[in-house]
Every structure is written in structure tokens, then in C-alpha cells.
Amino acid sequence: MRKRQLAIARLWYEANSFTPMRAGLAEFQAREWVSGDAARRFYAGTATEIGGVLAIEPDYPDWEFHYLHCTAAPPGGLVEPAAMAEIKRLILEGLAQQKWDAVYLSLHGATATVDDPMPEYHLLAEIRRLIGSTPLGASFDLHGNLGVEMLALLDATSGYHTYPHVDMHLAAQRALRILIDRADGRIAPRIAAAKLPAILPSFNMRTAEGPMSEMQKLADDWRRRPGILDVTLYGGFAYGDSPFAGPTAVAMADEVVLAQEAADRLVQELATRRDRFYVVLPDPAEGLRGALATGGSGPAIVLDPADNPLSGGIGDTPALLRALLATDRPARTAFGFFWDPPLVAECHRLGEGATIHAKLGGRVTPDFGAPIPVEARVVKLTDGRFRNEGPYEHQLPMDVGRTVRLDVQGIQVIATESCQTPNDPAYFRLHGIDPEKLDLLCVKAKNHFRAAFTKMARCLIDVDAPGPAAASLAHYKFRHAPQGLYVGKSSI
Ligand SMILES: [Zn+2]
């Protein structure tokens, strides 16, 4: 008997509408750009959506899994239209090859291009046109900006329940199991959604503590209710300017009334906690003072989330390093990182041991602070390749381009050829830095960083410095998000 046919494809990208950066095909091709057996090899054993799909494939012997085009790029700026057109073409071409019994997509939910603030909606609509009433499922990032119109195109869906995202694979498995049950006729799920009219920053959105952990417990209660198939609460992506901006509660149940009740109730609960998401952070000097005053073992860690590449940062803002240079700091201090391909190339030309006069930061744009002139020694050169050892995207092979470790007045500063968040201990080990043994570590990172570093850290302190992903949303100019959304103290 012919096996049932499942198509799998992936487009995972989070776009910051307010950074000067753009993402082209090269960014996608450098990170994930695979299909067929190459996709099986690439994702096997990884805590990613496609890794999760591969892991449950043996549970469905009646189904044949086809891995069509799968791609992702590290979060950054708006996608160039030509790149999006090519990705869409590859996914649609794969889907047009044959008739399917179900189609699953691993999406992010906060992708945007230069000329389209909701390309995932348009992709899903085109897929729906192509496959007719074939069951269609999708999973999303917890920071997806989801529209009710988007969800109406789906038969099954789920998203991450954790931030840091350590359940990407489980989100895919939840969505896929429901999709296959639906395709096999065992269930007929109905999807309902509700939105909070606000844009929430993600500083205080971690699911281990604070308002989002309370929300996840309430969502868990709903997930245990008879008749409920899945409940996912999306915080939304604050720097994604989209008509679908803002948090969304999505529920799937046998009855649409029950699904709608779950979504509505969760959004009511979120509304009562709304203001706790708008945090006030210390400036870099104050944050460093606080970190260094903390006792205990392990590194004191200071995070500069306004320049976190995973939120659309550009690896370029100088304020934290400037404050660090003006601080009386301990011997074992490291700073990750600056995105500076010309500097990396020059260091590789000069070789380890050389002394170089460089300018750190303010290279992409001086808008967030002027470059810092320094004299530095080239300590270590690397090819930028490692495998994640921490729980976030565990075991995913990483390539941050060539890198250099510089010694700047005793601070070990890393510069890289590509702009990626230093989220994993292996990133530092690659540079001969044992993060557990540091006294002070300063990073351009936010919450995903905490997945691997919380355990070893003496303290973790977020600071607010000028950058493309700052804590205050008031000065960002939203053009596509609905007017009237609350952004903390004011509305857009
Ligand atoms: Zn996310």
C-alpha cells in the first residue's frame, strides 16, 4: 500500500524593522539551506523543529516524510525581496511536485521583508491555494507576531512554550502530531486566537520567572482541560513592525467555543500583567558597578540586549565597552563581541602576536555612539566554527565566520566576520576563554544567552544602552502595526 505523503518545509527568520541591516540569500545560505537527505543529516539530533520532526518519524510507519526546502538565517533586519521570492519559489516548487496528504511548515511568525510586513501570511495563503483542502500545519516561535487571518489558513499549529527556547523540537512535534491525527481523521481540531492590543518588550518575558512564567502555568492548566489539544501563548516580537504585531493566545480544541474561551481568558490574564513587561534597566556604568559588587563564584555577567543580534542588534554599539574601559575591572574580563569583518581580515593578515590600532564599534552606524580607538594585541585567530554545547539549539553546528580575540587593556575582546549572538559557552572556548573561570563577562545578548550561562554566573545584569533593540519602544516609528497599540506609558 502506498504510504501517506507528508511534506515538510522551513522558513525561520525574525526581522527587526528598525535596524539598518538587510538580510539577503547569503545569510540564509550560510546558516541553513538544505533539503532531502542533506536536511536529514543537518538536523539529526538537534533541538530544532526539523530535528523534532526527524525524531518522531519512526512513530508514523504509514507516513513517508519528505523534507523540502528548509532554511533559516540568524535574526537580523528586513529580508531583501529577491531573497524571499527565491525561498518562496523553492518551497512552492517542492510542494507542486506531487499530491500530499499533509503539509507542515516550520515558521517563525516575525519574518518581514523590505516591501512586505507579513510574508508568512502571504506564503501560507499561496500554499493553501496550491494544496486546496489538504491539512496544513505550522509551528511558530514564541516571539511570532501572529494574525488571526494567518491562523485561519491552518488546520494544526503549536509554538514554543519556553523562553529561552529550549522546546523548538517539541513545538514541531506537537503541531505535527495534531496535523497527522487530523489528516488520518482521528480528530477535527478548531483553532481560535485572541490578541492583546499592546507591543511587549521581551526583557521580562522569560518563562522561568516573572509574568510569562505565571502565564505559562495558566496555559498549562488549559492544556490539561479535556477537549483542549494545544494552547500556545505568543509574546510577539517588539521590533517587528507588522499589522499582526502584539501578543497572541492560540488554542486548539475539539470545539471552537472551548478554544475561543481559552484564548480569550489567557489574553485577559495577560492584560492584568501587561505593565510588568516594561522594565527600567540601569545604564552600563551603573550595571557594571552592580555586577562587580556582587559576591559569590563564577563570572559576573553584564548583558547589553539593545545590541543583541537575535533581537536585530548590529554587533556595533560601543556604549558598554566604553563604560567597561572607564571601570576598575578584574583581571579576567572578556567582551563578546564586535561585528567587524575588515578588522578580522586585517588581524588574520597580521597574525597572532601582532599589535594593531583599531576602532571598535560605531562602524555600521555612528547613531548609537562614536567608535572607540584602541591599541590591541592579536591573541588568537579562529575559523569561527563550533557546535553548541548548551541547551539552546543544542548541538547545532555554528559558523560565525573568521574571528579574532584581541587584548584591549587586559580585556579579551572578540570580533567576528558575521553578526551572531555569543549564546553558547563553546563560542568562548573556541577563543581559548573558559567562561566559568572569568571574573567578568560582558555580552551583546539577551535571554537565550541565559539558557547556558545562568548556572555558572554569579549574577546576570541587563543594562540599557543606545542600540537597535532598546528597552524603551517609545522612539521607534511603527508604520504597519495597528494605531493605538500600547507600548509602555504611551501608544503608537
Ligand atoms: Zn524567539
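Structure first, text after, so check above.
Note that this is a predicted model, so its numbers are computed, not measured.

**Student:** Explain the overall build of the protein chain to me, please; I cannot follow it from the model alone.
**Tutor:** Scanning the protein chain for helices and strands turns up 14 helices and 23 strands. The C-alpha radius of gyration computed for the protein chain amounts to 22 Å, which stays within 12% of the reference 23 Å derived for 492 residues, consistent with globular compactness. Considered along the principal axes of its C-alpha atoms, the protein chain spans approximately 70 × 50 × 40 Å. Expressed as a percentage of the 492 residues in the protein chain, the buried residues total 63%. When the accessible surface of the protein chain is split by element, carbon and sulfur atoms take 51% of a total near 17800 Å². Between the centroid of the 51 positive side chains of the protein chain and the centroid of its 58 negative side chains there is a distance of 1 Å.

**Student:** Which parts of the structure should I look at to understand the side chain of Thr-232?
**Tutor:** Structurally, Thr-232 is set in strand S10 (residues 228–234). For Thr-232, the side chain forms a polar contact with the main-chain nitrogen of Gly-159, separated by 3.3 Å. A distance of 2.8 Å separates polar atoms of two side chains, one belonging to Thr-232 and the other to Asp-230. The residues contacting Thr-232, other than those within four sequence positions of it, are Ser-158, Gly-159, Tyr-160, His-161, Arg-223, Thr-248, Ala-249 and Val-250.

**Student:** Which parts of the structure should I look at to understand the pairing of strand S11 (residues 248–253)?
**Tutor:** Along any regular strand, the residues point their side chains to alternate faces of the sheet. With six of six residues buried, S11 lies mostly within the body of the structure. Where strand S9 (residues 190–195) and S11 come together, six bridges link them in antiparallel fashion. Bridge pairing links Lys-195 to Thr-248 in S11. Alignment of S10 against S11, held across six bridges, turns out to be antiparallel. Paired with Tyr-234 across the two strands is Thr-248, which belongs to S11.

**Student:** Can you walk me through the sheet that holds S10 in this structure?
**Tutor:** In any sheet, the strands associate via hydrogen bonds between backbone groups, in a parallel or an antiparallel arrangement. Read from one edge to the other, the open sheet built from three strands follows the order S9-S11-S10, with strand pairing classed as antiparallel. Each edge of the sheet is formed by a strand with only one pairing partner; in this case those strands are S9 and S10. Neighbouring strand axes in the sheet, compared pairwise and without regard to direction, differ in orientation by 15° on average. Together, S9, S10 and S11 form the strand contacts of helix H9 (residues 256–273), whose direction differs from that of S9 by roughly 20°.

**Student:** What's the story with the pattern of salt bridges in this structure? I'm lost.
**Tutor:** For the coordinates displayed, the defined rule picks out 37 salt bridges. Put simply, Glu-346 and Arg-349 hold a salt bridge, and the shortest N to O gap is 3.0 Å. On the criterion of helical spacing, the pair formed by Glu-346 and Arg-349 is a turn pair, its members being three residues apart in helix H12 (residues 341–350). Owing to a relative accessible area of 59%, Arg-349 belongs among the exposed residues under this scheme. The partner of Arg-402 in a salt bridge is Glu-417, with the nearest N and O atoms 3.1 Å apart.

**Student:** How should I be thinking about the side chain of Asp-230 in this particular structure?
**Tutor:** Locating Asp-230 in the fold gives a position in strand S10. A polar contact is formed between the side chain of Asp-230 and the side chain of Ser-158, at a distance of 3.0 Å. Residue contacts for Asp-230: discarding those within four places in its chain leaves Thr-157, Ser-158, His-161, Arg-174, Ile-178, Val-250, Ala-251 and Met-252.

**Student:** Is there a simple way to explain empty space enclosed by the protein in this structure?
**Tutor:** Once rolled over the atoms, a probe with the size of a water molecule shows which space is left empty. Under the definition given, this model contains three cavities of 30 Å³ or more. In this structure, the largest cavity is lined by 17 residues; those nearest its centre are Glu-393, Met-398, Gln-420, Thr-421 and Asn-423. Taken together, the residues that form the lining of the largest cavity break down as ten nonpolar, four polar and three charged. Of the volumes computed, that of the second largest cavity is approximately 130 Å³. In terms of lining, the second largest cavity is formed by 17 residues, of which the most central are Glu-14, His-143, Tyr-163, Leu-310 and His-448. When the residues that make up the lining of the second largest cavity are grouped by side-chain class, the tally is six nonpolar, eight polar and three charged.

**Student:** Which parts of the structure should I look at to understand the coordination of the zinc ion?
**Tutor:** In an ideal octahedron of six donors the angles at the metal are 90 or 180 degrees, and in an ideal tetrahedron of four donors they are 109.5 degrees. Those donors, Asp-141 (OD), Asp-141 (OD), His-143 (ND1) and His-165 (NE2), are the protein atoms that reach the zinc ion, and they lie 2.1 to 2.8 Å from it. Because the angles between the four donor atoms bound to the zinc ion fall within 51 to 147°, the donor set is best described as irregular.

**Student:** Help me understand the packing of aromatic side chains in this model?
**Tutor:** Tallied over the entire structure, the rule returns 14 aromatic pairs. Centre to centre, the rings of Phe-18 and Phe-478 are 5.0 Å apart; their planes meet at 80°, and the pair counts as edge-to-face. With Phe-18 in the loop between strand S1 (4–12) and strand S2 (22–23) and Phe-478 in the loop between strand S21 (459–462) and strand S22 (486–488), this residue pair connects regions lying 460 residues apart in the sequence. The exposure class of Phe-18 is buried, given its relative accessible area of 18%. Residue classification places Phe-478 among the buried positions, given a relative accessible area of 7%. Relative to Phe-244, the ring of Tyr-121 has its centre 5.7 Å away and its plane inclined at 80°; by these criteria the two rings are edge-to-face. Within this pair, whereas Tyr-121 is found in helix H5 (residues 119–131), its partner Phe-244 is found in the loop between S10 and S11, the two being separated by 123 residues in sequence. Note on Tyr-121: relative accessible area 22%, which makes it partly exposed. One aromatic cluster is present, formed by Phe-18, Phe-237, Tyr-239, Tyr-476 and Phe-478 through successive ring pairs.

**Student:** Even after reading the chapter, I still don't get the nonpolar core, so can you show me in this structure?
**Tutor:** One recurring pattern in soluble globular proteins is that nonpolar side chains are buried together. Core analysis: the biggest nonpolar cluster contains 67 residues, and Leu-6, Phe-65, Tyr-104, Ile-127 and Leu-176 have the highest contact counts within it. Among the elements that make up this core, the one with the highest residue count is helix H7 (residues 168–183) (seven residues). Apart from residues no more than four positions distant in its own chain, Phe-65 is found in contact with Leu-6, Ile-8, Arg-40, Val-53, Glu-57, Tyr-60, Leu-176 and Ile-180. Ala-72, Ala-192, Leu-200 and Ile-228 belong to the second-largest nonpolar core, a separate cluster that totals 35 residues.

Cut-offs applied
- The residue numbering used here restarts from 1 in each chain and proceeds along that chain's sequence as written.
- Only residues with pLDDT of 70 or above have their local features reported here, since the model is predicted, and side-chain atom pairs are shown and tallied only from 80 upward, although totals for entire chains, interfaces and linings are computed over all residues.
- Excluding hydrogens and water, the side-chain values take into account all heavy atoms of the structure.
- Secondary structure elements follow DSSP: runs of H or I of four or more residues count as helices, runs of E of two or more count as strands, with numbering from the N terminus.
- Values of the radius of gyration come from C-alpha atoms, whereas the globule rule sets the reference at 2.2 Å times the count of residues to the power 0.38.
- Partly exposed describes any residue whose relative accessible area lies between the buried limit of under 20% and the exposed limit of over 50%, with all areas from a 1.4 Å probe on protein chains only and scaled to the type maximum.
- In short, Shrake-Rupley with a 1.4 Å probe defines the accessible areas, and a residue's cover is counted only from the protein chains shown.
- Residues counted as positive are Lys and Arg, residues counted as negative are Asp and Glu, and His and the chain ends are not counted.
- Where a charge sits is defined by one atom per residue type, namely NZ (Lys), CZ (Arg), CG (Asp) or CD (Glu).
- Whenever two N or O atoms come within 3.5 Å, that pair is a polar contact, provided that in protein one can donate a hydrogen and the other can accept it, and provided that, for residues adjacent in sequence, both atoms are side-chain atoms.
- We call two residues in contact when some of their heavy atoms are within 4.5 Å.
- Criterion used throughout: strands pair if DSSP finds at least two bridges between them.
- Working convention: axes come from line fits to C-alpha atoms, limited for helices to the stretch in contact. Angles between N-to-C directions cover 0 to 180 degrees.
- We define a salt bridge as a contact between a side-chain nitrogen of Lys or Arg and a carboxyl oxygen of Asp or Glu at a distance within 4 Å.
- A 1.4 Å probe that fits but cannot get out identifies a cavity on a 1 Å grid over protein atoms alone, an open set with protein on both sides within 12 Å along at least five of seven lines counts as a pocket, and a residue lines either if it has an atom within 4 Å of a point.
- Grid points are joined across faces, edges and corners, and a volume is the space filled by probe spheres set on the points.
- The classification used treats Ala, Val, Leu, Ile, Met, Phe, Trp, Tyr, Cys and Pro as nonpolar, Asp, Glu, Lys and Arg as charged, and all other residues, Gly among them, as polar.
- The donor set covers N, O and S atoms within 2.8 Å of the metal, switching to 3.2 Å for Na, K and Ca, and it leaves out water, so a site may look short of donors.
- Irregular is the default label, applied whenever a site is not tetrahedral (four donors, all angles between 85 and 135 degrees) and neither square planar nor octahedral (four or six donors, opposite donors over 155 degrees apart, all other angles between 65 and 115).
- Within 6.5 Å between ring centres, the rings of Phe, Tyr and Trp (the latter by its six-membered ring) count as paired, and their orientation is classed by plane angle as stacked under 30 degrees, edge-to-face over 60, tilted in between.
- Each nonpolar core is a collection of buried residues, namely Ala, Val, Leu, Ile, Met, Phe, Trp, Tyr and Cys, held together in the definition by side-chain atoms within 4.5 Å.

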